[in-house]
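# Summary of structural features
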Amino acid sequence: MTSKHKYKLWLFYFFSLLYAGMDFSLNNNSHPSLITSEKEGEMINKSIDSYPLLKHTFDNLSREVNNAIKSPIEIPMPGEAGGYAHEKHKQNYRDMRNAGELFVITGEVKYANFVKTMLIGYSDLYPKLGPHPMAKHQKPGKLFHQMLNEAVWLTNVSIAYDCIYNWLDNDSRIKFEKNIFSPMVSWFTGRNKQEFDKIHNHGMWACAAVGLYGIVIRDMELVKMALYGTKKDGSSGFLKQLDELFSPDGYYMEGPYYVRYTIRPLLKFAEALERNIPKLKIYEYRDKIVKKAYYSAVNTTFPNGIFFPINDASKTMDIKAPGMVFGNSIINHRYENDQNLLKLCEIQGKVLLNESGYITAKAYSQLDSNYKLSLKSIEYSDGKDGNQGGLGILRMGQGDEQSVLIMKYGVHGMGHGHFDKLHFIYYDQNKEIINDYGFSRWVNVEPKFGGRYLPENNSYAKSTIAHNTLVVNMENQNLGNRSEADLVHGIRHFFSADKSDLKVMSAKSNNHYEDINMQRTMFFIDDSKLEYPIILDVYRVESQNSNTYDYPFHYTGQVINTNFEYEKNLTEMSVLGENNGYEHIWVEATSRLNNPAIITWLDGKRYYSLIAAISGESEIIFGRIGANDTNFNLRSEPMIVFRNKAKNFVFASVIEPHGYFNESTESSLNARGVIEKIEVVGHNDKATVVNIYGVGDFKWQIIVNNQNSDKTKTNKARIGGKIYKWVGDFNLTKES
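Reference entry: report on the structure contained in this document. (Residues numbered from 1 in each chain as written. Predicted model: local features only at pLDDT ≥ 70, side-chain atom pairs only at ≥ 80, totals over all residues. Heavy atoms only, no water.)

## Side note on the packing of helix α3 (residues 52-70) against helix α4 (residues 84-106)
Relative to each other, α3 and α4 sit at 120°, their axes nearing to 10 Å. Between α3 and α4, the crossing angle belongs to the class labelled oblique. Once α3 is placed against α4, the crossing between them reads as left-handed. From α3, F58, L61, S62, E64, V65 and A68 reach across to α4, where they touch Q91, D95, N98, A99, E101, L102, I105 and T106. (Axes fitted to C-alpha atoms, helices over the stretch in contact; angles between N-to-C directions. Helix = DSSP H or I, 4+ residues; strand = E, 2+ residues; numbered from the N terminus. Parallel < 35°, antiparallel > 145°, perpendicular 65-115°, else oblique. Left-handed = near helix turned anticlockwise from the far one by under 90°. Contact = heavy atoms within 4.5 Å.)

## Description of the nonpolar core
Of all hydrophobic cores here, the largest spans 121 residues; its most connected members are W153 and F238. If you tally residues by element for this core, the top one is helix α6 (residues 147-164), at 12 residues. Setting aside its immediate chain neighbours within four residues, F238 contacts M204, C207, A226, L227, L266, F269, A270, L273 and I282. Counting 60 residues, the second largest nonpolar core, distinct from the first, contains L422, M505, Y582 and Y608. (Core = buried A, V, L, I, M, F, W, Y, C linked by side-chain atoms within 4.5 Å. Buried < 20%, exposed > 50% of the residue type's maximum accessible area, 1.4 Å probe, protein only.)

## Quick word on the pattern of salt bridges
Between side chains of opposite charge, pairing is possible as soon as their charged atoms come close. Tallying each qualifying case throughout the model produces 37 salt bridges. Here the salt bridges do not stand alone but share partners, grouping E40, E271, R275 and R334 into one network. (Salt bridge = Lys/Arg side-chain N within 4 Å of Asp/Glu carboxyl O.)

## Remarks on the side chain of H145
Secondary-structure assignment places H145 in the loop between α5 (109-125) and α6. In this view, H145 contacts A81, H86, H132, M134, A135, Q138, K139, P140 and R452; residues no more than four positions away in its chain are not counted.

## With respect to a positive patch on the surface
Together, K686, K716, R718 and K725 line one region of the surface with positive charge. On the basis of relative accessibility, which here comes to 57%, the residue K725 falls in the exposed class. (Patch = residues over 30% accessible without salt bridge, like charges linked within 9 Å, V, L, I, M, F, W, Y side chains within 5 Å. Areas by Shrake-Rupley, 256 points an atom, 1.4 Å probe, with all protein chains shown as cover. Lys, Arg positive; Asp, Glu negative; His and termini not counted. Charge placed at Lys NZ, Arg CZ, Asp CG, Glu CD.)

## Section: unusual backbone geometry
With omega at -5°, the peptide bond leading from H31 into P32 counts as cis. Structurally, the position occupied by P32 is in the loop between α1 (3-19) and α2 (38-47). Unlike most non-glycine residues, L479 shows phi in positive territory, near 55°. Examined against the element boundaries, L479 turns out to sit in the loop between β6 (471-472) and α18 (482-485).

## A few points about the sheet that holds strand β7 (residues 491-496)
Read across the open sheet, the eight strands follow the order β7-β8-β9-β10-β20-β17-β16-β12; overall the sheet is antiparallel. Of all strands in the sheet, those with a lone pairing partner are β7 and β12 (558-562), marking the two edges. The average angle at which neighbouring strand axes cross in this sheet is 15°, direction not considered. With seven bridges connecting them, strand β16 (residues 597-603) and strand β17 (residues 606-612) associate as antiparallel partners. Looking at β17, one finds that I599 is bridged to L610. (Pairing = 2+ DSSP bridges.)

## Side note on the sheet that holds strand β4 (residues 423-428)
Strands pair in a sheet through their backbones, by hydrogen bonds, and they do so in one of two ways: parallel or antiparallel. With respect to topology, five strands assemble into an open sheet ordered β1-β2-β3-β4-β5, the strand pairing being antiparallel. Looking at which strands have only one partner, the edges of the open sheet turn out to be β1 (378-381) and β5 (431-434). The mean angle between the axes of side-by-side strands here comes to 20°, regardless of whether they run parallel or antiparallel. Here helix α13 (residues 285-299) sits on the sheet in contact with β1 and β2 (390-396), set at roughly 130° to β1.

## Section: the packing of aromatic side chains
Applying the stated rule across the entire model yields 34 aromatic pairs. With 6.2 Å between their ring centres and 75° between their planes, F424 and F553 make a pair best called edge-to-face. Of this pair, F424 sits in strand β4 while F553 is found in strand β11 (residues 547-554), placing the two residues 129 residues apart along the sequence. Centroid distance F494 to F730: 5.9 Å. Interplanar angle 25°. Geometry classified as stacked. Within this pair, whereas F494 is found in strand β7, its partner F730 is found in strand β28 (residues 730-734), the two being separated by 236 residues in sequence. (Phe/Tyr/Trp six-rings, centres within 6.5 Å; stacked < 30°, edge-to-face > 60°.)

## Here's the deal with helix α9 (residues 201-216)
The first and last C-alpha atoms of α9 sit 23 Å apart over 16 residues, in line with the 22 Å expected at 1.5 Å per residue. Where burial is concerned, most of α9 is hidden: 16 out of the 16 residues are buried. Positive phi appears at R218, one or two residues downstream of α9, with a value of about 60°. (Expected span 1.5 Å × (residues − 1).)

## Focus: the environment of A687
Structurally, A687 is set in strand β24 (residues 687-694). Taking the C-alpha atoms as reference points, A687 and N563, separated by 124 residues in sequence, lie 30 Å from one another. Setting aside residues up to four positions removed in sequence, A687 forms contacts with G682, I703, V704, N706, A717, I719 and W726.

## Looking at the packing of α6 against helix α7 (residues 170-191)
Interhelical geometry of α6 versus α7 gives an angle of 145° and a closest axis separation of 11 Å. In this structure, α6 meets α7 at a crossing whose hand is left-handed. Contacts between α6 and α7 involve M147, E150, A151, W153, L154, V157 and Y161 from the first element and R173, F176, E177, I180, F181, M184, V185 and F188 from the second. Broken down by class, the residue content of the contact of α6 with α7 amounts to 12 nonpolar, no polar and three charged. (Nonpolar A, V, L, I, M, F, W, Y, C, P; charged D, E, K, R; others polar.)

## Some remarks on the pairing of β2
Most of β2 is tucked away, with seven of its seven residues classed as buried. Residue alternation in β2 divides its side chains into two sets, G390, G392, L394 and M396 and L391, I393 and R395, and both sets are buried. Alignment of β1 against β2, held across four bridges, turns out to be antiparallel. Along β2, the bridge assignment pairs I378 with I393. Where β2 lies against strand β3 (residues 403-409), seven bridges are found, and the strand directions are antiparallel.

## Here we look at α7
In α7, a bend of some 45° at E177 exceeds every other bend along the element. Residues S172, R173, F176, E177, N179, I180, F181, M184, V185, W187, F188 and T189 constitute the buried set of α7. Its buried side turned inward, α7 meets α5, α6, α8 (193-196), α9 and α10 (220-228). With a side-chain oxygen lying 3.3 Å from the backbone nitrogen of D171, the N-terminal cap of α7 falls on D169. (Bend = angle between axes of the 7 residues up to and from the residue. Polar contact = N/O pair within 3.5 Å; in protein donor to acceptor, adjacent residues only side chain to side chain.)

## Overview of the side chain of N179
Its location among the elements puts N179 in helix α7. A polar contact is formed between the side chain of N179 and the backbone oxygen of S123, at a distance of 3.1 Å. Beyond its immediate chain neighbours, meaning those up to four positions away, N179 contacts S123, Y126 and P127.

## Structural notes on the environment of R718
Looking at the element boundaries, R718 is found in strand β26 (residues 714-719). Classification of R718 by relative accessible area gives exposed; the value is 56%. As a C-alpha pair, R718 and K686 span 32 residues in sequence and 8.6 Å in three-dimensional space. If sequence neighbours within four positions are ignored, R718 has contacts with N684 and I723.

Structural data, given as structure tokens:
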């Protein structure tokens, strides 16, 4: 029986019991019960010195909270997004949650008093507030410019409230619930119920906030609303979020940056549900989708712990994000200890201060110190049913020396999606070599548009030319229309990662430009004649009409040499285009050529050569981001664009890392690579054939199957008057 069938049976069983009136009442009436019980607090208190990671976590938390207690409590009137008041309210909920946690562990009343005093301040302020005056286009909260932040506040403060609930006097509880919590819940589920029911990370936070609070006050109606939506019919709510935001593999449709944000309320509410409504079996729901979601987040990170910057994303957000730290302890406890997850503790440097954290800290202390993080190549399906393309991840090497190649061919990603189907990122030397711009936003930097997304996020960062994928006629995919983009997706072609020295992924995009079919196949190849694994990119495009095709590469570093002449703009520069992101690109140099091109640049301690096949006359453009950027919002970064005019065309290129550079020792080795030329032999509906030539007798021939193949049968294609035969999705012949 497949996982999909098991899930459908589970759903049938679950809702049959629900509608039959099964008692899903809360398991007990004790506090605290959300994340850390009184018994767990006592255990942690006695075990602090047993494991270094546990002690390190406790000491840092104690230092932070004790510093907060020494400072005057401040509860300002609401202010600008990213401004002082905004950040102060965020710090207040963190301080309350942390102080509540320390109260459970130590029993010291000063921590409970701190939370109570803070809540008194909020109970005086909140009734006086109306909708936030600076909401702009967001659904407003009262403390914050958007309801999302208010939901984050309630999520954290519900945990703090749970920690001191039994200690508080009844009058205080009545006051806090009347003045703060009940009005806030009504704000979410009444006036803003559309936002609450939205299948989105905002909805996930709102459901978790109301559900956690409902558990604290033992209001099962609120918990049901959190689980099944404001209508309580399962058309929205927490379980629906789990159903529709994640593919069956656990991949999150908005991308890695936002999964680390979504995973935080998801896991906090899931843990509270497991503790208080164990009959729900939340950790088994949808074939263990909670576990899969966390692992997908881990697997979409680089070896340094930074998340792949796909869609709207920071370039520095990493595995130390709060939700990922929380999740590491929970997943290790609720499922099983995993060496890779334990190794991540080395980066994260902390655990939860409950039973899950205790188990994780103990297991980490027993982990072999020489163990290297070993994330594997993997392909994730996308879309709630797993049939809307996906994300391919190829990895070579182990630990810090691992290289990573990523290709995106899934769904658009809703409001945070970019117009970037068949886009790729290449990571080496612990950094992005062929990079993704990420988002255009200076998070919480108030002078920069209040810390919100900048106008350039739409005009440049989301544009197709801002990515490493083909641009047709200088237009965005789906003409930059998000609604249209959400209706289509990439198409998985094949994925092969079972060999250590040869890994391949291929995908298609047939609905992102009118009258355009595209197929990209990327090889990651290791060979004894090469210093490092190389990338072969074969990008085939078909059309009934002649078009202008731009094939961009976004890199960092310094150009060292080329095998062609170019015209450098020395005194003035023009802009590459007028819209669709082109208006933000300066033209630094151009060239026209008919022969294979080689461009070498230095990045870090390694050289990288881009070797491109040239068919017919091609234009090469050296560009730089930053044009029409009045407020210096964009980063100044270089790119290379290959431009051709054709109907049907194949862009084929190799990226070869080579050599060594060390300025401190004045060392430079192998500044020229092994690969000298790549040529497209030909292509048709059945196959594409490419040859690669290098120093000496180096010659490889690559065949890509452009159709679906039977891995047991021989394929045959006539290209350029010659018959080619092979078995499977591709073939690599090394003639050297």
